[in-house]
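# Structure at a glance
Each chain, written out:
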Amino acid sequence: MTSYEDSDGFATVPERDLPPGRHLRLKEHLLSEIRQEDTDTAPRAGRSWLRPSLVAGAVAAAVAAGLVVAQPFSEDTAQAGPPSKETVAMLEDIAAAAGRQPAPKNLRDDQFVYIKTRERYVETGSDETARLQPLHVREYWQSVDGKHTEVVNDRVDGFDHERMPPDLPLVEGSQDYRSLQKMPGDPVNMRDWLYRVASGGESRDQNAFVLVGDLCGGLMPPKQAAALYLAASKIPGVELVDDAVDAAGRRGVAIARENDGERRELIFDKKTKQFLGERQVAVEDLPTGFKKGTVTAHTAVLERKVVDKAGERP
């Protein structure tokens, strides 16, 4: 497959070469692999794309395309206990704050949610050595209805205003705003939804928590956002971290869960309870060579606005 430029000057990849699914990160990874196969004759540094938890979250999409072999849900090595009263209370405060946020007015299906982040992840070079990326800015234009071509700009990952044609038909778990509006608006049914939709090779509890984190960074309807955080308070193993720092240096409180030697933290402002970003920390020495205490993934949401066109900045 060969990529080309359209009349807007954006690099484009034909839709038929993209697998069905709901995770932008999976599409990016596949596009990167396709581009490398088509244009490279020698090995080059590639991304060990994102954290293992997000890879697990995207397995269902790849299975639908016949790209990987499905793995059954694994079980936790130790039975995780229920969240503490302090953790539940914090999630209740976060949910209340989310529910008070105004919903976007006059939102059109042909508009886009512009999401600007600062981030870094682990990548693997051609020598198979794992290393941390430099901290960099990433821009993403997400289709409001999921049916319009999206754009991602992240030159560290090799995406220079890359166009991402929609994966149609949309499936349950699609993360465009219109699909999110169809999610349950109460915590009991939201928890059931999380466990039904979340996919991957980790435990069912971890997969559900990963999906909560995936949803945090986008624009969510207030009612569903409140239900999401209340549902998270029912996931075993979820804990409170009193002090965490996002990739922009902002301090907050984190809702976290440990899995496979790493702790994934969803960071919120202590006063406003607004989502700031994520951090993943090694809680033991990892097989990749990273020592206990190393931050292996780091993000910060810098801006999140509705715009009229993909590629347009607020």
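That block above? That's the structure.
This report concerns the structure included in the present document.

So, on to the side chain of Ser233. Locating Ser233 in the fold gives a position in the loop between helix 8 (222–232) and strand 8 (239–245). Excluding residues within four positions of it along the chain, Ser233 makes contact with Pro83, Val88 and Leu91.

Quick look at the environment of Lys309 now. Tracing the backbone through its elements, the reader meets Lys309 in the segment after strand 12 (295–307). Taking the C-alpha atoms as reference, Lys309 lies 7.9 Å from Asp110; in sequence the two are 199 residues apart. Those residues within four positions of Lys309 in sequence are excluded, and the remaining contacts are Phe112 and Trp141.

Across all of its chains, the model carries 15 salt bridges by this definition. Residue Arg264 pairs with Glu278 through a salt bridge whose shortest N-O separation is 2.7 Å. Of this pair, Arg264 sits in strand 10 (residues 262–268) while Glu278 sits in strand 11 (residues 275–282); the two residues are 14 residues apart in sequence, bridging distant segments of the chain. Neither Arg264 nor Glu278 differs from the other in exposure class; each is buried. Within this structure, Arg108, Asp110 and Asp308 form a network of salt bridges that share partners.

A few words on the side chain of Ser179. Looking at where Ser179 falls in the secondary structure, it is placed in helix 5 (residues 177–181). Within polar-contact distance, the side chain of Ser179 engages the side chain of Asp176 at 2.8 Å. Other than its neighbours up to four places away in sequence, Ser179 contacts Leu170 and Ser174.

The side chains of a regular strand alternate between both faces of the sheet. Burial runs high along strand 5 (residues 136–143): seven of the eight residues are buried. Note that strand 3 (residues 112–124) and strand 5 share eight bridges and pair antiparallel. Directly across from Ile115, in strand 5, lies its bridge partner Tyr140. Where strand 5 lies against strand 6 (residues 150–154), three bridges are found, and the strand directions are antiparallel. Each residue of the ladder has a partner; that of Glu139, found in strand 6, is Asn153. The hairpin turn running from strand 5 into strand 6, its antiparallel successor, is six residues long, and Gly146 in that turn takes a positive phi close to 75 degrees.

Here we take up the packing of aromatic side chains. Here the structure, examined in full by the defined rule, presents three aromatic pairs. Measuring from ring centre to ring centre gives 5.5 Å for Tyr229 and Phe268, while their planes differ by 90 degrees; the resulting arrangement is edge-to-face. Note that Tyr229 is positioned in helix 8 and Phe268 in strand 10, a separation of 39 residues in sequence. In terms of burial, Tyr229 and Phe268 fall into one category: buried. Taken together, the ring pairs in this structure connect Tyr229, Phe268 and Phe275 into an aromatic cluster.

Definitions and cut-offs
Residues numbered from 1 in each chain as written. Predicted model: local features only at pLDDT ≥ 70, side-chain atom pairs only at ≥ 80, totals over all residues. Heavy atoms only, no water. Helix = DSSP H or I, 4+ residues; strand = E, 2+ residues; numbered from the N terminus. Contact = heavy atoms within 4.5 Å. Salt bridge = Lys/Arg side-chain N within 4 Å of Asp/Glu carboxyl O. Buried < 20%, exposed > 50% of the residue type's maximum accessible area, 1.4 Å probe, protein only. Polar contact = N/O pair within 3.5 Å; in protein donor to acceptor, adjacent residues only side chain to side chain. Pairing = 2+ DSSP bridges. Phe/Tyr/Trp six-rings, centres within 6.5 Å; stacked < 30°, edge-to-face > 60°.

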